Amino acid sequence: MGAVLMPERPGSPSADAIREAAVQTLREAGADARLSTSLGVVRATVAIELRGHPDATLVVRMEPDAIAVLDDGDDQRTDIRLGMDPIDLHELFAGGLHLPMKIARGQVTYTGQVRRFLRVIAILAEMGQTYERHLGEAQEREDEL
């Protein structure tokens, strides 16, 4: 596992860039039959709330027939809810997050049957290159503003 960027450091990704990259990566995965099928084993709607960034909640429906990123403003019913720092979401896709340990230490909170989500952690990390590409694009857009 390589070095992980810390969002608090100058030049590191913002919470918005991390969320945007995760959303784009999941949308691409939804269009890929193999990844969509693999992620569909969760069979749940998952919300990932980024601490300190209430507008950056990520809601994903992971079903065998479709992976869809949902608008959190729609007040979707979620089966699994995770609360984590932005760096944890970054590490989830970059391959450096040991989610069970973070949960055991109380660093990531959850409600629902989180074991279902744990089954796809390796698959999300497998999408690391795609995530890093989207993260770079999101950071470039932020730099232009």
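A brief report on the enclosed structure follows.

1. Overview of the overall build of the chain
Line of reasoning, step 1. Looking only at helices and strands, the chain has seven helices and five strands in total.
Line of reasoning, step 2. Along the chain, helices (α) and strands (β) appear in the sequence α-α-β-β-β-β-α-α-β-α-α-α when read from the amino end.
Line of reasoning, step 3. In the chain, buried positions account for 42% of the 145 residues.
Line of reasoning, step 4. For the chain, the proportion of contacts with a sequence separation of at least 24, taken over those separated by at least 6, is 70%.
Line of reasoning, step 5. Entry remark: accessible area of the chain is about 7,800 Å², with carbon and sulfur atoms responsible for 47%.

2. Quick notes on the sheet that holds strand β5 (residues 109-112)
Line of reasoning, step 1. Strand order in the open sheet made by the five strands is β3-β2-β1-β4-β5, with mixed pairing throughout. Each edge of the sheet is formed by a strand with only one pairing partner; in this case those strands are β3 (66-70) and β5. Between one strand axis and the next, the sheet turns by 15° as a mean value, whatever way the strands run.
Line of reasoning, step 2. Relative to β3, strand β2 (residues 58-63) runs antiparallel, the two being bridged by five bridges.

3. Here's the deal with helix α1 (residues 15-31)
Line of reasoning, step 1. Taking 1.5 Å of rise per residue, the 17 residues of α1 would be expected to cover 24 Å, and the 25 Å separating its terminal C-alpha atoms lies within 8% of that figure.
Line of reasoning, step 2. Three or more residues of α1 are buried, namely Ala15, Ala17, Ile18, Ala21, Ala22, Val23, Thr25, Leu26 and Ala29.

4. Thoughts on the packing of aromatic side chains
Line of reasoning, step 1. On inspection of all chains with the given rule, the structure shows one aromatic pair.
Line of reasoning, step 2. Both rings, one in phenylalanine 93 and one in tyrosine 131, keep their centres 5.3 Å apart while their planes meet at 20°; by these two values the pair is stacked. Taken as a pair, phenylalanine 93 in helix α3 (residues 86-94) and tyrosine 131 in helix α7 (residues 128-144) lie far apart in primary sequence, 38 residues in all.

Calculation criteria
Residues numbered from 1 in each chain as written. Predicted model: local features only at pLDDT ≥ 70, side-chain atom pairs only at ≥ 80, totals over all residues. Heavy atoms only, no water. Helix = DSSP H or I, 4+ residues; strand = E, 2+ residues; numbered from the N terminus. Buried < 20%, exposed > 50% of the residue type's maximum accessible area, 1.4 Å probe, protein only. Contact = heavy atoms within 4.5 Å. Areas by Shrake-Rupley, 256 points an atom, 1.4 Å probe, with all protein chains shown as cover. Pairing = 2+ DSSP bridges. Axes fitted to C-alpha atoms, helices over the stretch in contact; angles between N-to-C directions. Expected span 1.5 Å × (residues − 1). Phe/Tyr/Trp six-rings, centres within 6.5 Å; stacked < 30°, edge-to-face > 60°.

So far we have only geometry, and geometry alone does not tell us how the molecule works.
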